[in-house]
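In case you want the letters, here they are:
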Amino acid sequence: GCVLYYYYQMKVMRRPVDAKLFAETIYMQQHKNDYVVVGKAPGNLAVVITEKCNLRCRDCGVMIPYYEHPKHYDKDFIIQSIRSMAESVDLIETLNIIGGETFLHPDLADICEEAAKLPNIFTVMIVTNGAVKGNASLWKRLSYCVNNIVVSNYDKYSCYKDFIYANAIKNNIYCVMFSNDIK
């Protein structure tokens with residue numbers, strides 16, 4: 001498992017990270033119960049990069065439809081926040097990039113690229129509603145830094161879910177769809 005994951009990250013994705021430090025992170029993730037100090041590995045970290053969304057789901061988990069003036073968070077603030085958290089722990093198993101709708105943020109690729117450079121982040125994941133597709137340039141950049149894309153499938157409202165799935169696979173990004181009942 002460790003060797004295949006390392007090979008995938010470094011050779012297939014060409015992740016822009018220090019190879020030796022990332023190898024240590026993979027080893028740590030595989031053996032975390034053996035030596036990671038309690039409280040030094042939060043597991044998953046979710047970072048909200050935008051309050052903007054093109055859907056208005058009544059039961060939104062982060063209450064986005066109820067923001068009066070939704071905004072994108074500043075790229076530099078987001079990156080610095082991710083770096084600060086990564087510096088304070090041994091391992092972040094999954095960095096979840098969430099919103100609002102993540103594909104609406106104009107600096108999504110920059111944020112993901114900077115996160116992927118941090119060797120103690122095991123997986124970088126984007127969550128999307130499948131209603132914004134992103135252009136070819138964005139997909140090419142994401143192929144170097146994103147491991148997983150989760151599409152919250154809102155049926156007819158997720159009009160680009162098939163496009164997202166196809167582009168994720170084309171760019172060696174694992175993609176999964178979850179069904180949701182939009183209200």
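Residues numbered from 1 in each chain as written. Predicted model: local features only at pLDDT ≥ 70, side-chain atom pairs only at ≥ 80, totals over all residues. Heavy atoms only, no water.

## Comments concerning the overall build of the protein chain
The cut-off we apply is this: Helix numbers and strand numbers start at the N terminus; a helix is a DSSP run of H or I with at least 4 residues, a strand a run of E with at least 2. Only protein chains enter the calculation, and the probe is 1.4 Å; a residue is then buried if its accessible area is under 20% of its type maximum, exposed if over 50%, and partly exposed in between. We call two residues contacting when some pair of their heavy atoms lies within 4.5 Å. Only the protein chains shown count as cover for residues, and all accessible areas are computed by the Shrake-Rupley method using a 1.4 Å probe.
For the protein chain, the helix and strand inventory stands at seven helices and five strands. When the helices and strands of the protein chain are read in sequence order from the N terminus, they spell out α-α-α-β-α-β-α-β-α-β-α-β. By residue count, 46% of the 183 residues in the protein chain fall in the buried class. Once local pairs closer than 6 in sequence are excluded, the contacts in the protein chain between residues at least 24 apart make up 77%. For the protein chain, the exposed surface amounts to about 9700 Å²; the carbon and sulfur share of it is 54%.

## Brief notes about the pairing of strand β3 (residues 121-128)
Across a regular strand the side chains alternate sides, sitting on one face of the sheet and then on the other. Where we set the bar: Strand pairing is assigned whenever DSSP detects at least two bridges linking the two strands. Here is how to tell: hold the view so the strands point away, follow the path from the first strand over the helix to the second, and if it runs clockwise the crossover is right-handed.
By the criterion of burial, β3 is predominantly enclosed, with seven of the eight residues buried. Across five bridges, strand β2 (residues 92-98) lies against β3 in parallel orientation. Looking across to β3, one finds that Thr94 is bridged to Thr123. In terms of handedness, the path from β2 via helix α5 (residues 108-116) over to β3 forms a crossover that is right-handed. With four bridges connecting them, β3 and strand β4 (residues 148-153) associate as parallel partners. Within the sheet, the bridge partner assigned to Val127 lies in β4 and is Val150.

## Digging into the environment of Tyr165
Within the fold, Tyr165 resides in helix α7 (residues 161-170). C-alpha of Tyr165 to C-alpha of Lys133: the two residues are 32 residues apart in sequence and 9.9 Å apart in space. When near neighbours in sequence (up to four residues on either side) are disregarded, Tyr165 contacts Cys175 and Met177.

## Some points on the nonpolar core
Heads up, the condition is: Only buried residues count toward a nonpolar core, which is a set of Ala, Val, Leu, Ile, Met, Phe, Trp, Tyr and Cys residues joined through side-chain atoms within 4.5 Å.
Core analysis: the biggest nonpolar cluster contains 34 residues, and Ile82, Ile97, Phe103, Ile126, Leu142, Val146 and Ile149 have the highest contact counts within it. Among the elements of the structure, β1 (43-48), α4 (75-87), β2, α5, β3, α6 (136-142), β4 and α7 are those that each provide at least two residues to this core. In terms of residues, this core owes the most to one element, α5, which gives six residues. Grouped together as the second largest cluster of nonpolar side chains are five residues, Leu55, Cys60, Ile64 and Tyr154 included.

## Observations concerning the confidence of the model for the protein chain
Definition in use: Across the chain, each position has a pLDDT score giving the predictor's confidence in that residue, from 0 to 100.
On average, residues of the protein chain score 85 in pLDDT, and 83% of them reach the 70 mark or higher. Looking over the protein chain, one finds the lowest element-wise mean pLDDT in helix α3 (residues 32-35), namely 55, and the highest in α5, namely 97.

## Description of the pattern of salt bridges
As a reminder, the rule being used: A pairing counts as a salt bridge when a side-chain nitrogen of Lys or Arg comes within 4 Å of a carboxyl oxygen of Asp or Glu.
The full count for this structure, using the stated rule, is five salt bridges. Its salt-bridge partner being Asp110, residue Lys75 comes within 3.5 Å of it at the nearest N-O pair. With Lys75 in helix α4 and Asp110 in helix α5, this pair connects stretches of sequence that are 35 residues apart. Note on Lys75: relative accessible area 26%, which makes it partly exposed. For the salt bridge of Glu114 with Arg83, the shortest nitrogen-to-oxygen distance reads 2.7 Å. In this pair, Glu114 is assigned in helix α5 and Arg83 in helix α4, connecting sequence segments 31 residues apart. We classify Arg83 as partly exposed; its relative accessible area is 29%.

## Notes on the sheet that holds β2
So the rule is basically this: Angles here are taken between N-to-C directions and fall from 0 to 180 degrees, while the axes themselves are lines fitted to C-alpha atoms, restricted in helices to the stretch in contact.
Here five strands make up an open sheet; going across it, the order is β1-β2-β3-β4-β5 and the pairing parallel. The strands lining the two open edges of the sheet, one partner per strand, are β1 and β5 (174-179). Across this sheet, the average inter-strand angle for adjacent strands is 20°, counted without regard to direction. Sheet topology note: the β1/β2 ladder contains six bridges and is parallel. Residue pairing for β2: Asn44 is matched across the bridge by Thr94. Against the sheet, α5 touches β2 and β3, its axis set at about 160° to β3.

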